[in-house]
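Tertiary structure, described
What follows is each chain in one-letter form.
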Amino acid sequence: VDLRDTPEEAQFRSELRAWIEANLPDEKRGGRGGAQRFEDPFLREWSRRLYEAGYAGLTWPKEYGGTGAPYSFQAILYEELAAAQAPPHVGVIGLSMAGPTIIAHGTEEQKARYLQPLLAAEEIWCQGFSEPDAGSDLAAARTRAERRGDVYVVNGQKVWSSFAHIADFCILVTQSDPDAPRYRNLTYLLVDMHAPGVEVRPLRQITGEAEFNEIFFADVEVPVENRLDDEGNGWQVAMTTLLHERATLGFALTATLDGLLGRLLQDSGSPEDPRLREAIAAEWIELQALRYTSYRALGTYERTGIPGPEGSGVKLRWSEANQRLTKLARELRGPEGILDDGWWNHQQLRSRGNTIEAGTSEVLRNIIAERILGLPRSR
Amino acid sequence: MDFTLNDDQLELKQAAHTWLADRFPLDRDWEAQDDRWGELEELGWLEVAEAGLGFVEEALLLEELGYALYPGPYLAHVSGQRHAHGLTFGGDGDISTVDPTRPVGSVEGGWTSYETPRFHAACAAEALGVAQRALDLGVEHAKTRTQFGKPIGTYQAVSHPLAQTYTDVELSRSLVYWAAWCVAEEEQAGSGGGQTPPPPRELPAHPPPPPAGRPRRLRRRWARWTRRRRGQGVRHRGRRRCVRTLDPGARRHRLHLGAPAAPVLQARDLARGLRPASRRPPSRGRGSAPRVGE
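**What to know about the overall build of chain B**
Across its full length, chain B holds 9 helices and 4 strands. Split into buried and exposed, the 294 residues of chain B put 52% on the buried side. Put simply, of all contacts in chain B between residues at least 6 apart along the chain, 70% involve residues at least 24 apart. In the form shown here, chain B has an accessible surface area of approximately 13,800 Å², with 51% of it arising from carbon and sulfur atoms.

Below is the structure:
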């Protein structure tokens with residue numbers, strides 16, 4: 001146990017700080033997140049700068065456009081970006097889900113084709129997993145992929161797909177063999193979102209924005225070379241995606257929460273009420289607990305290269321903490337909390353989805369119960 | 001930055017676990033109260049500093065002692081140890097024994113180390129072990145007890161609270177190791193001396209001897225005792241922040257580490273740039289400080 005930066009880490013941190021100072025204008029800090037951020041062309045410019053400086057795909061292998069840095073650097077990157085209230089890279093799904101999955105399961109051709117444009121924010125990715133009748137139960141996906149010669153013909157519907165409205169590609173889980181046993185019946189495809197037959201319809205959220213979408217596929221032809229791993233292996237590939245989603249998510253989430261808490265303290269006007277003060281302190285402690293739990297998970301990740309199931313616990317507790325914190329911020333602001341520029345209003349409304357997205361809290365508790373505690377399966 | 005236990009620490013923890021499991025099984029004679037203090041001494045647990053080890057290792061031992069529901073005064077021993085940073089028993093340094101089976105006692109004259117981060121981190125480490133044991137026993141029960149023809153752990157009404165408890169334990173573990181590292185760093189640096197020591201104060205007593213053969217009730221008593229010992233939530237949260245300030249990566253403020261509650265609250269404010277609260281003492285007791293937002 002040593003929480004000090006190593007000399008290499010300290011150097012990376014100070015270079016990064018200087019780089020952020022030089023590249024991130026003040027007026028682009030502290031954005032409220034959500035769908036609105038994609039309307040600003042600066043976001044792509046910022047993402048490209050991150051890539052050119054080697055900060056996008058920091059831990060990815062060099063041959064695929066990454067920097068090959070250790071995972072602890074990724075943690076530092078998240079911390080420093082959050083401290084600077086910097087906007088995220090535009091390719092959120094690509095960086096945390098599509099990219100790692102392609103690295104793990106893709107052919108050399110696929111890696112060469114997709115990874116670099118993803119990092120450079122030239123191509124945006126979205127995720128096609130959930131369906132109206134198959135959300136948490138991914139193995140029940142019914143979007144059909146039928147092999148016809150050199151193509152798969154895809155028909156069906158996906159839902160809750162973040163950023164599909166701006167996406168160029170989709171990581172799509174399809175049902176390729178209805179007669180195959182469960183978990184052997186899925187095939188994972190990389191689908192061009194501009195192909196004929198793909199239709200994206202925005203879903204209006206409680207925030208008033210449409211950050212996520214429904215995607216409809218009507219006889220969409222996907223070349224066979226866009227299949228990731230073997231036919232019928234989609235379940236294994238999808239599990240890789242979800243593990244990476246939760247593993248790399250931990251630091252990003254904790255860093256975001258840190259930023260929110262900082263802003264809350266700035267905006268709170270120093271409450272005298274001991275109840276409020278205690279509530280703030282409690283959230284601060286929870287934040288540290290999440291932060292250091294992510295550090296502990298990082299150790300496992302660095303040793304094995306595979307994120308452990310501990311990430312599920314961090315996601316579970318983060319979503320609850322984020323909901324409490326944004327609610328607390330609204331309370332601290334009093335009536336102003338609703339009447340101000342809407343920053344906290346947006347944060348609180350947006351946080352309501354945290355316990356549903358990226359694995360519902362119920363699913364995460366199932367995962368912890370079955371895979372960590374070894375309890376019998378509930379289904 | 002490496003927030004994992006090194007091989008030596010893992011080995012120590014495992015060895016302690018095995019030894020304690022053998023000496024203090026759950027089906028032991030709870031009336032006997034043999035704390036095997038002599039054996040602890042032989043193992044070198046009473047003077048870890050002599051083995052070149054620090055508070056992180058002591059915290060690991062405490063965690064395992066908590067896990068074994070160890071009946072002896074190791075916590076008091078660890079909390080009261082002399083240390084380079086000026087935590088000593090003043091006066092004659094005697095610790096008078098209040099209970100022959102649980103010799104924790106109080107300090108005659110001088111000051112105690114009760115108000116230190118070391119003490120709080122030690123309490124937390126021990127409580128972590130107790131919590132882990134409670135979780136393990138709960139999980140074991142959920143796997144073996146059947147109802148409606150299935151193990152009860154099949155039902156989400158049972159498995160989800162256990163999963164949530166698992167996250168409680170893991171998050172606590174992170175805080176404990178972090179706090180332990182901060183204390184160890186501080187002690188190694190030999191700083192922190194010269195603080196105004198707190199007034200004499202009785203060391204908290206260990207929980208009363210457990211009833212025979214009732215580990216569940218014992219754990220509950222342990223939990224209650226830990227809560228009492230930690231004091232009310234506001235005070236305790238302030239303490240954790242004291243420990244936080246020892247983290248070299250954090251915003252640093254020199255604090256009165258040994259001082260009681262009011263300065264702690266101010267320290268918390270300092271650390272985050274809030275104005276100090278009015279000098280109203282924090283209210284005490286159950287229900288007086290409800291959580292906001294629940």
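**Observations concerning the overall build of chain A**
Looking only at helices and strands, chain A features 11 helices and 8 strands. The principal-axis extents of the C-alpha atoms in chain A amount to approximately 70 × 45 × 40 Å. Counting the 379 residues in chain A, one finds 60% classified as buried. When the accessible surface of chain A is summed, it comes to about 15,300 Å², and 50% of that surface belongs to carbon and sulfur atoms.

**Comments concerning the confidence of the model for chain B**
Residues and elements named next belong to chain B. Averaged over every residue, the pLDDT of chain B is 66; the share at 70 or more is 52%. Strand S4 (residues 150-151) holds the highest mean pLDDT among the elements of chain B, 95, whereas helix H8 (residues 233-244) holds the lowest, 36. Scored below 50 in pLDDT, residues 81-113 shows 70 contacts in the model against residues more than four places distant or in partner chains. Confidence drops under a pLDDT of 50 for residues 229-294, and excluding neighbours within four residues, the segment shows 128 contacts in the predicted structure. Both scores are available for the predicted complex, with the pTM at 0.78 and the ipTM at 0.87.

**Some words on a negative patch on the surface**
Residues and elements named next belong to chain B. Taken together, the side chains of Glu 41, Glu 42, Glu 47 and Glu 50 present a region of like negative charge at the surface. Its place among the elements puts Glu 41 in helix H2 (residues 37-43). Residue Glu 41 is classed as exposed on the basis of its relative accessible area, which comes to 52%.

**Topic: the packing of aromatic side chains**
Residues and elements named next belong to chain A. Summed over the entire model, instances satisfying the criterion amount to 20 aromatic pairs over all chains. Chaining the aromatic ring pairs together yields one cluster made of Phe 12, Trp 19, Phe 42, Trp 46, Tyr 55 and Phe 73. It is Arg 147 that lies over the ring of Tyr 152; its NZ or CZ is 5.7 Å from the centre.

**Quick word on helix H4 (residues 92-105) of chain A**
Side chains of residues three or four places apart in an α-helix project in the same direction, reflecting 3.6 residues per turn. Residue and element names in this part refer to chain A. In this model H4 runs 19 Å from its N-terminal to its C-terminal C-alpha over 14 residues, within 8% of the 20 Å that 1.5 Å per residue would give. The sharpest bend along H4 measures roughly 35° and falls at Ala 98, with the proline Pro 100 sitting one to four residues further on. A large share of H4 lies buried, amounting to 10 of its 14 residues. Restricting attention to buried positions, one finds in H4 the residues Ile 93, Gly 94, Ser 96, Met 97, Ala 98, Gly 99, Pro 100, Thr 101, Ile 102 and His 105.

**Overview of unusual backbone geometry**
Unusually for a residue other than glycine, A:Asp219 sits at a positive phi of about 50°. With respect to the helices and strands, A:Asp219 occurs in strand S7 (residues 212-223). A positive phi angle is found at B:Phe148, which is not glycine, with a value near 55°. Its place among the elements puts B:Phe148 in the loop between strand S3 (146-147) and S4. Owing to a relative accessible area of 73%, B:Phe148 belongs among the exposed residues under this scheme.

**Focus on the environment of A:Ile356**
As for its position among the elements, A:Ile356 is in the loop between helix H10 (343-351) and helix H11 (361-372). Residues A:Ile356 and A:Glu123, 233 residues apart in the sequence, show an inter-C-alpha distance of 27 Å.

**Points about the environment of A:Val1**
Mapped onto the secondary structure, A:Val1 falls in the segment before helix H1 (7-23). Along the chain, A:Val1 and A:Leu298 lie 297 residues apart, while their C-alpha atoms are 12 Å from each other. Residue contacts for A:Val1: discarding those within four places in its chain leaves B:Asp2, B:Phe3, B:Thr4, B:Leu5, B:Gln9 and B:Trp181.

**Looking at the pairing of strand S4 (residues 169-175) of chain A**
Residues and elements named next belong to chain A. Most of S4 sits inside the fold, with 7 of its 7 residues counted as buried. Neither face of S4 is exposed, since Phe 169, Ile 171, Val 173 and Gln 175 on one face and Cys 170, Leu 172 and Thr 174 on the opposite face are all buried. Sheet topology note: the strand S1 (residues 125-128)/S4 ladder contains 4 bridges and is parallel. Residue pairing across strands places Cys 126 opposite Cys 170, the latter belonging to S4. Sheet topology places S4 next to strand S5 (residues 186-192); 7 bridges connect them, and they run antiparallel. Bridge pairing links Cys 170 to Val 191 in S5.

**What about the pairing of strand S2 (residues 144-148) of chain A?**
A regular strand places its side chains so that they alternate between the two faces of the sheet. Two strands pair when backbone bridges link them, and S2(A) and strand S3 (residues 151-162) of chain A are joined in this way by 5 bridges, in the antiparallel orientation. Among the inter-strand pairings, A:Arg148 is bridged to a residue of S3(A), identified as A:Val151.

**Digging into the pattern of salt bridges**
All names here are of chain A. Counted according to the given criterion, the structure contains 39 salt bridges over all chains. The residue Arg 350 makes a salt bridge to Glu 211 at a minimum N-O spacing of 2.8 Å. Linking Arg 350 in helix H10 with Glu 211 in the loop between strand S6 (198-203) and S7, this pair joins segments that are 139 residues apart in sequence. For the residue pair Arg 350 and Glu 211, the accessibility class agrees, reading buried in each case. Among the charged side chains, a network of salt bridges with common partners joins Asp 5, Arg 13, Arg 17, Glu 79, Glu 80 and Arg 291.

**Here we look at the state of the cysteines**
Taken as a whole, this structure holds 0 disulfides over all chains when the rule is applied. Its sulfur unpaired, A:Cys126 is 3.8 Å from the next cysteine sulfur, which belongs to A:Cys170.

**Considering helix H1 (residues 7-23) of chain B**
All names here are of chain B. Given a rise of 1.5 Å per residue, 17 residues ought to cover 24 Å, and the 24 Å separating the end C-alpha atoms of H1 matches this to within 8%. Residues of H1 that are buried sit in contact with H2, helix H3 (55-67) and helix H6 (156-189). The N-cap residue of H1 is Asn 6: its side-chain oxygen and the backbone nitrogen of Asp 8 are 3.1 Å apart.

**Details of the packing of H3(B) against H6(B)**
Residues and elements named next belong to chain B. The geometry of H3 relative to H6 is characterised by a closest axis approach of 8 Å and an angle of 145° between their N-to-C directions. Note on element contacts: H6 touches H3 through Arg 173, Tyr 177, Ala 180, Trp 181, Val 183, Ala 184 and Glu 187, opposite Phe 55, Val 56, Ala 59, Leu 60 and Glu 63. Tallied by class, residues from the contact of H3 with H6 come to 9 nonpolar, no polar and 3 charged.

Definitions and cut-offs
Residues numbered from 1 in each chain as written. Chains lettered and ligands numbered in written order. Predicted model: local features only at pLDDT ≥ 70, side-chain atom pairs only at ≥ 80, totals over all residues. Heavy atoms only, no water. Helix = DSSP H or I, 4+ residues; strand = E, 2+ residues; numbered from the N terminus. Buried < 20%, exposed > 50% of the residue type's maximum accessible area, 1.4 Å probe, protein only. Contact = heavy atoms within 4.5 Å. Areas by Shrake-Rupley, 256 points an atom, 1.4 Å probe, with all protein chains shown as cover. pLDDT = per-residue confidence, 0-100. Patch = residues over 30% accessible without salt bridge, like charges linked within 9 Å, V, L, I, M, F, W, Y side chains within 5 Å. Salt bridge = Lys/Arg side-chain N within 4 Å of Asp/Glu carboxyl O. Lys, Arg positive; Asp, Glu negative; His and termini not counted. Charge placed at Lys NZ, Arg CZ, Asp CG, Glu CD. Phe/Tyr/Trp six-rings, centres within 6.5 Å; stacked < 30°, edge-to-face > 60°. Lys NZ or Arg CZ within 6 Å of the ring centre and 35° of its normal. Expected span 1.5 Å × (residues − 1). Bend = angle between axes of the 7 residues up to and from the residue. Pairing = 2+ DSSP bridges. Disulfide = S-S within 2.5 Å. Polar contact = N/O pair within 3.5 Å; in protein donor to acceptor, adjacent residues only side chain to side chain. Axes fitted to C-alpha atoms, helices over the stretch in contact; angles between N-to-C directions. Nonpolar A, V, L, I, M, F, W, Y, C, P; charged D, E, K, R; others polar.

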